[in-house]
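Below, each chain spelled out in residue letters.
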Amino acid sequence: MGMEKTTDEEAVMTENLLDLPPRGLALLHACQPQAREQVEALSDFVMASGLRRPAMNILCNGDFGWDADYLTTLVRKYSQAGRAAQVVFYLTNGPAARHWQTQVMDGFASRIAPEQFRRMILADRQFQQEYQELTGRLSGLVAEIHQAGGQALIVPQLEDNQTDRSFAMLLELTRSALPQDPAIRYGRNPCVGCYPGNEGGLPADCFLEEHHHSAGTDFTLQDGILSNDGCTCAFPEETPAYTPWLPLENFAGVQGRTGRMNSIFLLWNAKYQGLGRTVVPPAKRHYVIPTERERAMLIEFLRKPVDSGW
């Protein structure tokens, strides 16, 4: 039978953690049962990197299912030995809704046209209540994160299709469905130009999330979130089926720049999310198990100082 760690042992582990800016691996699909083995492996890599402030992101609208108990387990894992988990929750799925007519996702609002979503979130009380019920499911997780000294970052829609007016309503509904907790920060991930009518105004009390698809480091993103979501990283000698893609090493400077701007960096990989040349329903995707080489490279990547290249 194993022995529990003593307080002194935990203190030593805490002292050895890397005090780098928050960073981690994208886990949008964490609730999908078929992805469990892979998600466990990826989260183990983040723990093995020894980050004091490990980050992850979760899609919460049901496109990849919903498992609050498992998410609680992940939050506790990311909070071990004095770590301060940084957990990003996306409540709805903007990219899915942009393809609402042919969508294979079945989560909340993923098969509703963006124009209709905007109208309903502004005026349809039943739809507003359904959204708030979805949001309220995070209350227990937020409390868990707060108790462990971490932070919950809540984004009403991943790559949103909102006008500034409809986003303001989303934000109001989100805030009123959750406790007034200092561990919560609210943000916006706009996708201006992705769909007709999309706007990108940022309320004064919100952080900005951007999705970055190049190796360029000329961006300015203070106190926000940056991810390569939409441009997968490739390991050496690998040609991803998903496009666009860039070598993993190309994101080292991006991660460093993000940290210097006091922002969170989340590394996204299409194959880990079961994406390739064709769109497949989440339950039928192949969630690739990372190799030992990928494990070593991802840990090395996450441990890089903010002023370091590859």
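Just above sits the structure.
Computed from a predicted structure; not experimentally measured. (Residues numbered from 1 in each chain as written. Predicted model: local features only at pLDDT ≥ 70, side-chain atom pairs only at ≥ 80, totals over all residues. Heavy atoms only, no water.)

### Looking at the overall build of the protein
What the protein contains, in helices and strands, is 10 helices and 10 strands. Relative to the 2.2 N^0.38 estimate, which gives 19 Å for 310 residues, the radius of gyration of the protein is 19 Å and therefore close to what a compact globule would have. Its C-alpha atoms put the protein at 55 × 45 × 40 Å along the principal axes. Expressed as a percentage of the 310 residues in the protein, the buried residues total 54%. With an accessible surface of roughly 13500 Å², the protein has 49% of that area assigned to carbon and sulfur atoms. Across the protein, 28 positive and 37 negative side-chain charges occur, with their mean positions spaced 3 Å apart. (Helix = DSSP H or I, 4+ residues; strand = E, 2+ residues; numbered from the N terminus. Rg over C-alpha atoms; globule rule 2.2 N^0.38 Å. Buried < 20%, exposed > 50% of the residue type's maximum accessible area, 1.4 Å probe, protein only. Areas by Shrake-Rupley, 256 points an atom, 1.4 Å probe, with all protein chains shown as cover. Lys, Arg positive; Asp, Glu negative; His and termini not counted. Charge placed at Lys NZ, Arg CZ, Asp CG, Glu CD.)

### Topic: the environment of L71
Relative to the elements of secondary structure, L71 occurs in helix α3 (residues 68-78). Distance from L71 to L141, taken between C-alpha atoms, is 7.6 Å for residues 70 residues apart in sequence. What L71 contacts, discounting residues up to four positions off in sequence, is A30, C31, I58, W66 and L141. (Contact = heavy atoms within 4.5 Å.)

### A word on the environment of Q129
Along the polypeptide, Q129 turns up in helix α6 (residues 125-136). On a C-alpha basis, the gap between Q129 and A177 in space is 9.3 Å, while along the polypeptide they are 48 residues apart.

### Quick word on the packing of α6 against helix α8 (residues 164-177)
Direction vectors running N to C along α6 and α8 enclose 50 degrees, while the axes themselves pass 9 Å from each other. With respect to their mutual orientation, α6 and α8 come out oblique. Relative to α8, α6 is oriented so that their crossing is right-handed. Counted together, R125, Q128, Y131, Q132, T135 and G136 of α6 and M169, L170, L173, T174, S176 and A177 of α8 form the full contact between these two elements. Partitioned by chemical class, the residues of the contact of α6 with α8 number five nonpolar, six polar and one charged. (Axes fitted to C-alpha atoms, helices over the stretch in contact; angles between N-to-C directions. Parallel < 35°, antiparallel > 145°, perpendicular 65-115°, else oblique. Left-handed = near helix turned anticlockwise from the far one by under 90°. Nonpolar A, V, L, I, M, F, W, Y, C, P; charged D, E, K, R; others polar.)

### Overview of helix α9 (residues 252-260)
Three or more residues of α9 are buried, namely A252, V254, Q255, G256, T258 and G259. Contacts made by the buried residues of α9 are with β1 (23-25), β7 (225-227), β10 (264-267) and α10 (292-302). Once α9 ends, the next one or two residues include N262, with phi positive near 60 degrees.

### Examining the nonpolar core
One finds I58, F89, L138, I154, F251 and L267 to be the most contacted residues of the largest nonpolar core, which totals 87 residues. Looking at this core element by element, the count peaks at six residues for helix α2 (residues 36-48). Discounting chain neighbours no more than four positions away, the residues touching L267 are G24, L25, A26, N228, C233, L248, F251, L298 and F301. (Core = buried A, V, L, I, M, F, W, Y, C linked by side-chain atoms within 4.5 Å.)

### A word on unusual backbone geometry
Omega for the peptide link from T243 to P244 comes to 0 degrees, which places this bond in the cis form. By secondary structure assignment, the location of P244 is in the loop between β8 (232-234) and β9 (245-247). Positive phi is not limited to glycine here, since E159 has a value of about 45 degrees. Tracing the sequence through the fold places E159 in the loop between β4 (151-158) and α8. Although it is not a glycine, E237 sits at a positive phi angle of roughly 65 degrees. Of note, E237 is situated in the loop between β8 and β9. With a relative accessible area of 83%, E237 lands in the exposed category.

### So, the side chain of N61
Relative to the helices and strands, N61 resides in the loop between β2 (54-59) and α3. Reaching out from N61, the side chain makes a polar contact with the backbone nitrogen of D63 at a distance of 3.1 Å. Within polar-contact distance, the side chain of N61 engages the side chain of S110 at 3.1 Å. In this structure, N61 is in contact with Y90, L91, T92, N93, G107, F108, S110, L134 and R137, ignoring residues within four places of it in sequence. (Polar contact = N/O pair within 3.5 Å; in protein donor to acceptor, adjacent residues only side chain to side chain.)

### Notes on the side chain of N189
Here N189 is to be found in the loop between β5 (184-188) and β6 (207-211). Here the side chain of N189 touches E159 through a polar contact of 2.8 Å, landing on its backbone nitrogen. With residues up to four places along the chain from it excluded, the contact list for N189 reads V155, Q157, L158, E159, D160, E209, E210 and H211.

### Section: the state of the cysteines
Overall, the coordinates contain one disulfide when judged by the stated rule. A sulfur-sulfur distance of 2.0 Å marks the disulfide that ties C191 to C194. Across the S-S bond linking C191 and C194, the dihedral sits near -45 degrees, which makes this disulfide left-handed. On the accessibility criterion, C194 (35% relative accessible area) is partly exposed. (Disulfide = S-S within 2.5 Å.)

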